[in-house]
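Fold and contact review
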Amino acid sequence: MKVVTVIGARPQFIKAAAVSSSLAKTKVDEVILHTGQHYDWNMSDVFFEELGIPAPKYNLRVNASTHGGMTGRMLEKIEKTLLTEKPDVVLVYGDTNSTLAGALAASKLHIPIAHIEAGLRSFNRKMPEEINRILTDHISTFLFVPTYAGVQNLKNEGIYKGVHHTGDVMYDATLIFGALAGKKMEIIKNLGLKKDGYCLATVHRAENTDDPNKLSSIVEALCRVNEYFPVVLPLHPRTKKMVNAFGLKNMLTKLRLTDPLSYLDMVGLEKNSRAIITDSGGIQKEAYFHGVPCITLREETEWTETVRAGWNTIAGSDVNKIVNAVHDARKGVPITEFGTGKASQKIVSLLSK
């Protein structure tokens, strides 16, 4: 069996590291196609180096465009690759433009699609990711779902066939790479931090970065938190651009800023922080996997399990909510539906059958 795996963004590299490792133990021929959505060393190459992901056979170098422009160019180039490779299945991850482009290209060529992280819903259709995940689910042949809520979401939309609750491949990756990250403490020492004595923040979603009021409120909240606990902020390229455009650069000097970090450095910072403040979907889960409370800078989340279990507080961009949530941060109760760290093996077994 031949599988073409379509990836393009940081979270997909991490998930692919776990699944590709399981695929390598079988007779499956995996061809990795990198769309180029995340393209610089800090956001792309370092993940392949650190996580041992096989080098992509194809790199389409499609980036830095509008959503429509990016998705359209990816669709055209992925289609050409699929016509050349003639795979038995196309594997896509998550909810990015790369996900949708890969799924659409496969669908139009009548190639079965396997969607890892299917069934998630934030119920906010203003998010590009929500549109990507809904459309991908409705054209997928195999839907590998990390949570029971995801299975129910698909049933609510009339999708029953090909649905499998597998657990979460991100948990697999956490178990695989968490021990390695534990040995990489240099960044914590270099930033002058102590275990449980700082907060880690990430801000990258357009709904926050491109709105001057929201971004200003989030920066103000991080500065207020910083009065009590040092705040580390790896600065995403989009966030850096908009901080400068909105005149917020001087406020950020109070924080401990870094360039985008490698996966292992990020895991090291996550594991040892007092709390994580983020608008990322994947990092909300990583916070739980590492036993760290999370404050989410959005009005909703697709990872509702983390909220119900008491690990995650939805704070939006409200300054007081963010600051109070950090002060009140507590550990929650265990969540069993993410699996036991063998989701990748289960997915590969199902595909092989």
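Coordinates for the structure precede this section.
An account of the accompanying structure is given in this report. (Residues numbered from 1 in each chain as written. Predicted model: local features only at pLDDT ≥ 70, side-chain atom pairs only at ≥ 80, totals over all residues. Heavy atoms only, no water.)

Considering the sheet that holds strand E9 (residues 231-234)
If you walk across this open sheet you meet the six strands as E10-E9-E8-E11-E12-E13, and the pairing is parallel. Looking along the sheet, the strands with just one partner apiece sit at the ends: strand E10 (256-258) and strand E13 (312-314). In this sheet, neighbouring strand axes are inclined to one another by 20 degrees on average, regardless of whether the strands run parallel or antiparallel. In terms of strand pairing, E9 meets E10 through three bridges, oriented parallel. Bridge pairing in E10 links Val232 to Arg256. Each of strand E8 (199-202), E9 and strand E11 (275-278) is contacted by helix H10 (residues 212-226), which is oriented at about 140 degrees to E9, the strand it contacts most. Across the sheet, helix H13 (residues 263-271) touches E8, E9 and E11, and the angle it forms with E8 is around 135 degrees. (Pairing = 2+ DSSP bridges. Helix = DSSP H or I, 4+ residues; strand = E, 2+ residues; numbered from the N terminus. Axes fitted to C-alpha atoms, helices over the stretch in contact; angles between N-to-C directions. Contact = heavy atoms within 4.5 Å.)

Here's the deal with the nonpolar core
Burial of nonpolar side chains together is a common tendency in soluble globular proteins. In terms of nonpolar packing, the biggest core is built from 39 residues, with Val19, Leu91, Ile116 and Tyr263 touching the most fellow members. At seven residues, helix H1 (residues 10-23) tops the list of elements feeding residues into this core. Setting aside anything within four residues of it in sequence, one finds Leu91 in contact with Val3, Val4, Thr5, Val6, Val19, Leu23, Ala114, Ile116 and Leu351. By size, the runner-up hydrophobic cluster in this structure holds 30 residues, among which are Leu252, Leu255, Ala315 and Val326. (Core = buried A, V, L, I, M, F, W, Y, C linked by side-chain atoms within 4.5 Å. Buried < 20%, exposed > 50% of the residue type's maximum accessible area, 1.4 Å probe, protein only.)

Some points on helix H14 (residues 281-289)
Within H14, eight of the nine residues are buried, leaving the element largely enclosed by the surrounding structure. What H14 keeps buried is the set Gly281, Ile283, Gln284, Lys285, Glu286, Ala287, Tyr288 and Phe289. The opening residue of H14 is Ser280, an N-cap whose side-chain oxygen sits 3.3 Å from the backbone nitrogen of Gly282. Gly291 sits one or two residues past H14 and shows a positive phi near 70 degrees. (Polar contact = N/O pair within 3.5 Å; in protein donor to acceptor, adjacent residues only side chain to side chain.)

Notes on the sheet that holds strand E6 (residues 142-145)
If you walk across this open sheet you meet the seven strands as E3-E2-E1-E4-E5-E6-E7, and the pairing is parallel. What marks the edges here is a single partner per strand, and that holds for strand E3 (58-59) and strand E7 (163-165). Judged from the six bridges that link them, strand E1 (residues 2-7) and strand E2 (residues 29-34) form a sheet pairing that is parallel. Pairing of Val3 across the sheet is with Glu30, part of E2. Lying on the sheet, helix H3 (residues 67-85) is in contact with E1, E2, E3 and strand E4 (89-93); it crosses E1 at an angle near 165 degrees.

Regarding the packing of H10 against helix H16 (residues 319-327)
Across the interface, H10 lies against H16 with an axial gap of 9 Å and an inter-helix angle of 30 degrees. Along this stretch, H10 crosses H16, giving a crossing that reads as right-handed. Across the interface between the two elements, Ser217, Ile218, Glu220, Ala221, Arg224 and Val225 from H10 touch Val319, Asn320, Ile322, Val323 and Val326 from H16. (Left-handed = near helix turned anticlockwise from the far one by under 90°.)

These values are about where atoms sit, not about what they do.
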